[in-house]
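Given next are the chains, with one letter for each unit.
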There are 2 protein chains.
Amino acid sequence: MTHGAHPHVVPRHPRLDPLADRYAARTHGMKTSEIRALFSVVSRPEVVSLAGGMPAVTALPLDAVGSMIGDLVSGMGAQTLQYGSGQGDPRLRERICDVMALEGITDASPSEVVVTVGSQQGLDLVTRVFCDPGDVILAEGPSYVGALGVFQAAQARVRHVAMDDDGLIPEALEEALLDCRANGDRVKFLYTVPNFHNPAGVTLSEPRREAIVALAEKYDLLIIEDNPYGLLGFDREPMRALRARNNRRVIYLGSFSKTFSPGLRVGWVLAPLAVREKLVLATEAQVLCPPSLTQYAVARYLDTQPWREQIKLFAELYRERRDATLESLAALMPPGTVWTQPDGGFYVWLKLPHGLDAKLMQPRAVNAHVAYVPGIGFFADGNGREYMRLSYCYPEPDQIREGVRRLARVIEAELDLHSTFDAVDTGSFRAIGRPDALDSGTTIVGPANSDTYEDRR
Amino acid sequence: MTHGAHPHVVPRHPRLDPLADRYAARTHGMKTSEIRALFSVVSRPEVVSLAGGMPAVTALPLDAVGSMIGDLVSGMGAQTLQYGSGQGDPRLRERICDVMALEGITDASPSEVVVTVGSQQGLDLVTRVFCDPGDVILAEGPSYVGALGVFQAAQARVRHVAMDDDGLIPEALEEALLDCRANGDRVKFLYTVPNFHNPAGVTLSEPRREAIVALAEKYDLLIIEDNPYGLLGFDREPMRALRARNNRRVIYLGSFSKTFSPGLRVGWVLAPLAVREKLVLATEAQVLCPPSLTQYAVARYLDTQPWREQIKLFAELYRERRDATLESLAALMPPGTVWTQPDGGFYVWLKLPHGLDAKLMQPRAVNAHVAYVPGIGFFADGNGREYMRLSYCYPEPDQIREGVRRLARVIEAELDLHSTFDAVDTGSFRAIGRPDALDSGTTIVGPANSDTYEDRR
Ligand SMILES: Cc1ncc(COP(=O)(O)O)c(C=O)c1O
Ligand SMILES: Cc1ncc(COP(=O)(O)O)c(C=O)c1O
């Protein structure tokens, strides 16, 4: 056994894994998800799950999409059932450029696009191409749990940069860059989700976009802009992407998971040609090529179906669910609870009253038939215990209201329990929806915590 | 620029890649495929391509498959268009166990199966889970080019083990194991393709299967059994898999690419539970989950279509093409040319008369409108210049005959040219179909040559 060398790794059944001494170093950092068991509980029908990030795919015109895909196989089986190019179908890459134009990216060429198996694979490819073990990645605190999993697998170190209601804080970014420079740490890139952040629900403001792109120039910083939710705004036109402001320092990740279907697993990377070339080699080694059928399905969908109207329809549906969430939270949450006010996307980020721990509270919440994702999964450094992510994308408004009601009761019970032991300080809480900074983790830490890895289930 | 540190890497346009100094170490080993350009030539209709490994998917009942898939979307869109489990659809994993039973694997449980994006991803996941940079992988010489690409990306060192008409030579394997032990090299696993080898076209004999499994026990060796072609034999029932003989030391990779459709990208790994757990974490970090639609498509296909008969039909079709290949080779090849006699799968491995170089000859072959894959792509050590792989899976028998005719003429012209300069020694050639050992590379080398990376296009 390798306990001595890897003190943090306690194999569940060390004697049952005769290969335990043969794994790669990176494998020892992978932890079995503690909440995988919990999630099988969560999928019971009596539980209202505010945990998953599953899109409302049944709002699609399933008959039309079904016959469209059936025809693709019957009529073009020689292509749709065959191997394709590693970079992805050229026609789809053209249509992807049309989609990106909606966010102001008008100079992208299909040759700079690599189709991926979801944007998750895009993230993995970019990380593999750039990161050696020990390299530093800057990322918002909190960050998308799936990104932290990729960074951990690459044995990169994550340094969180604070954000607030206007997204990533440029001053905090500059401070982090200076710190890293002073320490001799090699920053490979900034990973950021500028729109309707997962899990924070906030959006990077226009002036901050300019400030961050300027910092990238000043500090020779590469930015990975991960943007699956950009077209799902409730109130206004999509904002201009970071990539639209700088095409040399920004690599852009896109996805059809939230605007069409996640079950097709079609995403993409837009990168300068030299990087694109590396990404193609990396994806060929990983999967040979993305599935042809799903790529043809997306391209045909964009060609023949009213996809812009469908996105509006999705946004309308998510807006209702967001409203149900925010109204119930405002009506029911005990004082001292604060949360963000998303105007797009899937998520609300909630901070518990002082002293409460979302992870410890979780079993009681599940007992009360409501589920969420504890905040610590979104930090690489063990921070975030007082936070949770609530997803409103999947349940109907009535279920959401019921879920929030149950959650409020659990929090109240928790508070009662606490006040029995010590007085809770409610004076220092931040105003609802206006936390000064969502978190300010400033230490650089090792492999990410992957406890809540299945948050999207 | 990093020329000093990486003498073998010559960026095509060094000054056009401002990020060149930011890549990971593994990325510098990735080479732009030299024959990518050639392959666009090869796809011209006047060229007979014996280069690609594309299955004959149009032999499928496309209408039936199309309406089956269309119904899956229309009727089950809530599942087929949604995220699924990282490990893969449980129902598909059950059916995969039925498929493996055809090769004598009767003790596999669906819980030990991980569905992957083609077996290529399975190979990548296994390699990531086990290999640190510098680790040694044993692999047949020659080996599947896509596997060498994975091993290179993992910065593993490949040591080739000689094979002959009966597949991998157990004595050569034992010698390699002893050598590595003596050198203090860490052997992480043996990678082997026991059935209808790509590119060698040979099959591991029954006694050798026993011998290799015994060696695995004796030397504590892990075996990765990669078996996409096992059900595509022309003359007899499938042979018993290595995994059927040992379930602790063999990790099995399977694929529906050759028995159904590569465009769906559905493969799998069968591994002991502890390893399976690591593989699931690794695939979640890489792609979250495999596409749901393609998994449902394969499961439904296995449930409702005559898939065993379809495999027989494929095998019949490939047998005709194999016959056309072998008959033309026997009739037309100049003396001194030798080749293997596949009784299943897609490939013939051909050795040129002494002094000829398949890679150097390639442009002339393409000029004569015939294409193949030069042998060096299948070696990690630069060996194999005198070999080429001929694929008979895709062209019709008449095209194959025409292609071999053109190839024979090119070889003859090459021989003429040579004999003008020096006498060609034809005395030492091995008998047709009975090379003593296909190759005997015994040095351990670094990153694989990925020149012929797109061999399957
Ligand atoms: C911020 C972010 N990036 C990437 C992904 C991965 O999405 P996909 O791989 O389905 O495109 C998600 C999914 O929830 C996400 O929230
Ligand atoms: C030996 C071998 N392994 C693996 C693969 C990858 O196949 P897939 O990823 O399509 O399952 C191939 C494809 O040609 C192969 O020949």
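Residues numbered from 1 in each chain as written. Chains lettered and ligands numbered in written order. Predicted model: local features only at pLDDT ≥ 70, side-chain atom pairs only at ≥ 80, totals over all residues. Heavy atoms only, no water.

The name given to chain A in an unreviewed UniProt entry is PLP-dependent aminotransferase family protein, with the source organism recorded as Blastococcus deserti. For chain A, the Cofactor (unreviewed entry) comment in UniProt is given as "pyridoxal 5'-phosphate". (UniProt positions renumbered as here; feature names shortened; annotations may be inferred.)

Enquirer: Mind laying out the overall build of chain A, listing which residues take part and the relevant values?
Expert: Regarding its fold elements, chain A presents 13 helices and 15 strands. Taking the intrachain contacts of chain A between residues at least 6 apart in sequence as the baseline, contacts between residues at least 24 apart amount to 78%. (Helix = DSSP H or I, 4+ residues; strand = E, 2+ residues; numbered from the N terminus. Contact = heavy atoms within 4.5 Å.)

Enquirer: Let's hear about the relation of the copies chain A and chain B: which residues, and what values?
Expert: The transform that puts chain A on chain B rotates by 180 degrees and translates by 0.0 Å along the axis, for an RMSD of 0.0 Å. Such a combination of rotation and displacement between the chain copies is what one expects of a two-fold axis. Scanning chain A for the C-alpha nearest the rotation axis identifies glycine 70 of chain A, at a separation of 2.0 Å. With an isologous cut-off of 70% or more, the 100% of interface residues of chain A that recur at the interface of chain B puts this contact in the isologous class. (Least-squares fit on C-alpha atoms with pLDDT ≥ 70 in both.)

Enquirer: Kindly report on the site of ligand 1, identifying the contributing residues and their values.
Expert: Neighbouring ligand 1 are 15 residues, the closest being Asp226, Tyr229, Ser255 and Ser257 of chain A together with Tyr83 of chain B. Surrounding ligand 1 is a set of residues that belongs to chains A and B. The contact in question runs from an oxygen atom of ligand 1 to an N or O atom on the side chain of lysine 258 of chain A, over 2.7 Å. Compared with its free state, where it exposes 400 Å², ligand 1 has 99% of that area covered by protein. (Near = heavy atom within 4 Å. Polar contact = N/O pair within 3.5 Å; in protein donor to acceptor, adjacent residues only side chain to side chain. Areas by Shrake-Rupley, 256 points an atom, 1.4 Å probe, with all protein chains shown as cover.)

Enquirer: Give me the lowdown on the interface of chain A and chain B, citing residues and values where you can.
Expert: Each side of the interface is counted separately: chain A has 86 residues, and chain B has 86 residues. Per-residue buried area on chain A facing chain B is highest for Arg22, Leu81 and Tyr83 of chain A; these three make up 11% of the total on that side. On inspection of chain A and its partner chain B, the count reaches four salt bridges. Of the charged contacts, one joins aspartate 124 of chain B and arginine 128 of chain A as a salt bridge, the two residues approaching to 2.5 Å between their closest N and O atoms. At the level of elements, α1 (25-28), α3 (62-80), α5 (118-130), α6 (145-153), α9 (273-287) and α10 (292-304) of chain A are the ones that each hand at least two residues to the side of chain A that touches chain B. Of the residues assigned to the side of chain A that touches chain B, the class counts are 41 nonpolar, 23 polar and 22 charged. (Buried area = accessible area lost by both parts, 1.4 Å probe. Salt bridge = Lys/Arg side-chain N within 4 Å of Asp/Glu carboxyl O. Nonpolar A, V, L, I, M, F, W, Y, C, P; charged D, E, K, R; others polar.)

Enquirer: Go over the sheet that holds strand β14 (residues 387-391) of chain B with me, naming the residues and quoting the values.
Expert: Residues and elements named next belong to chain B. Taken in spatial order, the four strands make up an open sheet running β10-β11-β14-β13, and their pairing is antiparallel. The two strands at the open ends of the sheet, each matched to only one other strand, are β10 (338-339) and β13 (373-374). Relative to β14, strand β11 (residues 347-351) is paired through five bridges, and the arrangement is antiparallel. Among the inter-strand pairings, leucine 350 is bridged to a residue of β14, identified as methionine 388. Each of β10, β11 and β14 is contacted by helix α12 (residues 307-332), which is oriented at about 20 degrees to β11, the strand it contacts most. (Pairing = 2+ DSSP bridges. Axes fitted to C-alpha atoms, helices over the stretch in contact; angles between N-to-C directions.)

Enquirer: So what about the pattern of salt bridges? Which residues, and what values?
Expert: One side chain can pair with another of opposite charge once the charged atoms of both are near each other. A full pass over the atoms with the stated rule returns 56 salt bridges over all chains. For the salt bridge of arginine 95 of chain B with aspartate 303 of chain B, the shortest nitrogen-to-oxygen distance reads 2.3 Å. Highlighted residues: arginine 95 of chain B in helix α4 (residues 90-101) and aspartate 303 of chain B in helix α11 (residues 292-304), separated in sequence by 208 residues. On the accessibility criterion, arginine 95 of chain B (13% relative accessible area) is buried. Among the ionic pairs, arginine 249 of chain B bridges to glutamate 217 of chain B, the shortest N-O distance being 3.3 Å. Of the two residues, arginine 249 of chain B sits in the loop between α9 (242-245) and β8 (250-255) while glutamate 217 of chain B sits in helix α8 (residues 206-219), which places them 32 residues apart along the sequence. Under the relative-accessibility criterion, glutamate 217 of chain B is labelled partly exposed at 34%. Because the salt bridges share partners, they merge into one network encompassing Arg22 of chain A together with Glu217, Asp220, Arg248 and Arg249 of chain B. (Buried < 20%, exposed > 50% of the residue type's maximum accessible area, 1.4 Å probe, protein only.)

Enquirer: Go over the packing of aromatic side chains with me, naming the residues and quoting the values.
Expert: On inspection of all chains with the given rule, the structure shows 28 aromatic pairs over all chains. For the ring pair phenylalanine 314 of chain A and tyrosine 318 of chain A, a centre distance of 6.0 Å and an interplane angle of 5 degrees mean the geometry is stacked. Here tyrosine 318 of chain A and phenylalanine 314 of chain A lie together in helix α11 (residues 307-332), a separation of four residues that amounts to about one turn. Accessibility classification places phenylalanine 314 of chain A together with tyrosine 318 of chain A in one group, the buried group. Connected via pairs of aromatic rings, a cluster forms that spans Tyr229, Phe314, Tyr318, Phe346 and Tyr347 of chain A. One residue, lysine 278 of chain A, lies across the ring of tyrosine 23 of chain B, its end atom 5.4 Å from the ring centre. (Phe/Tyr/Trp six-rings, centres within 6.5 Å; stacked < 30°, edge-to-face > 60°. Lys NZ or Arg CZ within 6 Å of the ring centre and 35° of its normal.)

Enquirer: Tell me about the nonpolar core, and name the residues and values.
Expert: Most often, soluble globular proteins have nonpolar side chains that are buried together. In this structure, Met100, Phe256 and Tyr318 of chain A together with Met100, Phe256 and Tyr318 of chain B are the most contacted members of the largest nonpolar core, which totals 149 residues. In contact with methionine 100 of chain A, not counting residues within four places along its chain, are Ile105, Ala108, Val113, Tyr252, Trp268 and Leu270 of chain A. (Core = buried A, V, L, I, M, F, W, Y, C linked by side-chain atoms within 4.5 Å.)

Enquirer: Quick one: what's the story with unusual backbone geometry, residue by residue and with numbers?
Expert: For the bond from glycine 141 of chain A to proline 142 of chain A, the omega torsion is 5 degrees, close enough to zero to count as cis. Topologically, proline 142 of chain A is positioned in the loop between β3 (136-141) and α6. The backbone of aspartate 220 of chain B shows a phi angle near 55 degrees, a positive value even though the residue is not glycine. By the secondary structure assignment, aspartate 220 of chain B is in the loop between α8 and β7 (223-226). According to the relative accessible area criterion, aspartate 220 of chain B is partly exposed, its value standing at 41%.

Enquirer: Account for the site of ligand 2, with residues named and values stated.
Expert: Residue and element names in this part refer to chain B. Taken together, 15 residues are adjacent to ligand 2, and Asp226, Tyr229, Ser255, Ser257 and Lys258 come closest. In the environment of ligand 2, an oxygen atom lies 2.9 Å from a nitrogen or oxygen atom belonging to the backbone of glutamine 120. Protein contact buries 100% of the 400 Å² of open area that ligand 2 shows by itself. With three residues, the single largest contributor to the shell around ligand 2 is helix α5 (residues 118-130). Broken down by class, the residue content of the shell around ligand 2 amounts to six nonpolar, six polar and three charged.

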